[in-house]
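This is what each chain is made of:
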Amino acid sequence: MAHLEKGRYPMKEDIKSRLLVTGGAGFIGSNFIHYILGEHPEWTITNLDSLTYAGNLENLKDIENDPRYKFVKGDITNRELVNQLVGQGIDVIVNFAAESHVDRSIMDASPFIRTNIEGTQVLLEAAREYSIKLFLQVSTDEVYGSLGSTGKFSEETSLAPNSPYSACKASADLLCRAYYHTHGLPIKITRCSNNYGPYQFPEKLIPLLVTNALENKEIPVYGDGMNVRDWIHTEDHCRALDFVIQHGKVGEAYNVGSDNEQTNLDLVKAILDIMGKSHDLIKFVTDRAGHDLRYAIDNTKIESETGWKPRISFEEGLKNTVNWYVQNESWWRRIKSGEYADYYQQMYSQR
Ligand code: NAD
Ligand code: TDX
């Protein structure tokens, strides 16, 4: 990245950065921790995660003894704990911690309000109290609501969230904006499209369908399968977050996407084809309430202001991802069989 313009933000690669990553035991957070430890030998990471059903320390097993990494089991709504951690010396907070599944937010929005809104506010207050250098809010394209059959989301698109999940994420974005304008807190926001890759909890479409297909179980497709998502490999997302930390402007939001729109039905068929499985596994089921029709990302701002571009083609990323779930059967079987809860209790109750 040496060729990129520096100085938009007073952080250079040779300066040691101490990161507080929240929600680092989840899908994207754990990929991000791996990415940063590999990319920045001088940086250190404290991972604060309450280990909800979606948090899994198995995702971080290979780096648990790395001296640059520390895990703390705890909740981002715990003001005392958050203040203590940030007060020990943190330069950058990267906030991944969230309830992240739209279907769960339809069943019960309460945990989404607590973690996604109240938790973000607790972190923002701590960031203010200890004058940290940067607060990065990891948000989502879903805050913009739904597109029709044309157009793309830019950072100027109005926020119009449609699900309790996206409404809570939009609320958090607005809190970040308010802390920047009111208190001068150095925040940045990223809004990424649908991620896929290793360690994704198998309640989300891609890992659900790959693991169901491996078990020759039905693949539930909501409605007519014509809803469109814009898919990005999580490693490209993690690189984008790194670029925004280093080269993005304070106070700004950046969309992140990979120019890769797919209807759900086409995506399901493509994965079944990669796996050599029959399309007969597809089962059309009742649609999601309030199901957003289409998401699509305009990447112009992040590309022109930070130099980031996605690198992983959908074809390559999808094959690698399918392969990862094939090769890591014990990882997803433990989760899907329900043994994961017992395993987690046993392994981490002594911490
Ligand atoms: P995930 O559900 O896999 O992981 C969430 C993590 O947060 C888990 O480890 C969980 O234990 C932790 N957590 C939840 N509540 C907590 C709390 N109160 N205190 C501390 N930790 C808590 O989610 P993900 O898919 O990795 O998403 C991470 C972030 O990225 C979220 O903020 C999400 O909104 C955002 N995002 C996700 C996608 C996507 O496609 N998955 C796309 C764009 C943005
Ligand atoms: O079984 C399924 N069948 C199905 O048709 C599931 C789980 C989903 N779907 C559809 C719903 C969506 O149109 O597939 C699409 C993708 O669904 P999810 O994987 O649940 O993702 P989505 O609702 O699009 O939200 C995701 O992307 C944005 C993440 O879960 C969010 O955290 C992120 O912000």
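None of the values given here were measured: they were computed from a predicted structure. Just so you know, the residues in each chain are numbered from 1, in the order the chain's sequence is written. Following the order in which they are written, the chains are lettered starting with A and the ligands numbered starting with 1. The predicted nature of this model means local features are confined to residues of pLDDT at least 70 and side-chain atom pairs, given and counted, to a pLDDT of 80 or more, with totals for whole chains, interfaces and linings taken over all residues. Calculated side-chain values reflect all of the structure's heavy atoms, with hydrogen atoms and water omitted.

A word on helix α10 (residues 314-327)
Move 1: A run of H or I in DSSP becomes a helix once it reaches four residues, and a run of E becomes a strand once it reaches two; helices and strands are each numbered from the N terminus. By this rule, a helix spans an expected 1.5 Å times one less than how many residues it contains. In this model, α10 (14 residues) spans 20 Å end to end at C-alpha, consistent with the 20 Å of a helix rising 1.5 Å per residue.
Move 2: Whether two residues are in contact is decided by their heavy atoms, any of which lying within 4.5 Å being enough. On its buried face, α10 sits against β7 (195-196), α6 (205-214), β10 (232-233), β12 (261-263), α8 (264-275) and α11 (329-337).

Some words on unusual backbone geometry
Move 1: Within the chain, Y199 stands out as a residue other than glycine whose phi angle is a positive 70 degrees.
Move 2: Phi at D259 is positive, roughly 55 degrees, even though this residue is not glycine.
Move 3: Each residue is assigned to one of three classes by its accessible area relative to the maximum for its type, calculated with a 1.4 Å probe on protein chains only: buried under 20%, partly exposed between the two thresholds, exposed over 50%. Assessed through its relative accessible area of 55%, D259 is described here as exposed.

What to know about the site of ligand 2
Move 1: When we say a residue is near a molecule or strand, we mean one of its heavy atoms is within 4 Å of it. The environment of ligand 2 is made up of 19 residues, and the closest members are E142, Y165, P220, R288 and H291.
Move 2: The separation between an oxygen atom of ligand 2 and a polar main-chain atom of S100 is 2.8 Å.
Move 3: Between ligand 2 and N194, the relevant distance is 2.9 Å, taken from an oxygen atom to a side-chain nitrogen or oxygen of the residue.
Move 4: Method for areas: the Shrake-Rupley scheme with a 1.4 Å probe, in which residue coverage is limited to the protein chains shown. A total of 660 Å² of accessible area belongs to ligand 2 in isolation, and the protein chains cover 93% of it.
Move 5: Residue assignment for the shell around ligand 2 shows that the elements contributing at least two residues are α6 and β8 (219-222).
Move 6: Nonpolar residues are Ala, Val, Leu, Ile, Met, Phe, Trp, Tyr, Cys and Pro. Charged residues are Asp, Glu, Lys and Arg, and all others, Gly as well, are polar. Partitioned by chemical class, the residues of the shell around ligand 2 number 7 nonpolar, 7 polar and 5 charged. Whenever two N or O atoms come within 3.5 Å, that pair is a polar contact, provided that in protein one can donate a hydrogen and the other can accept it, and provided that, for residues adjacent in sequence, both atoms are side-chain atoms.

Nothing here speaks to function; it is geometry throughout.
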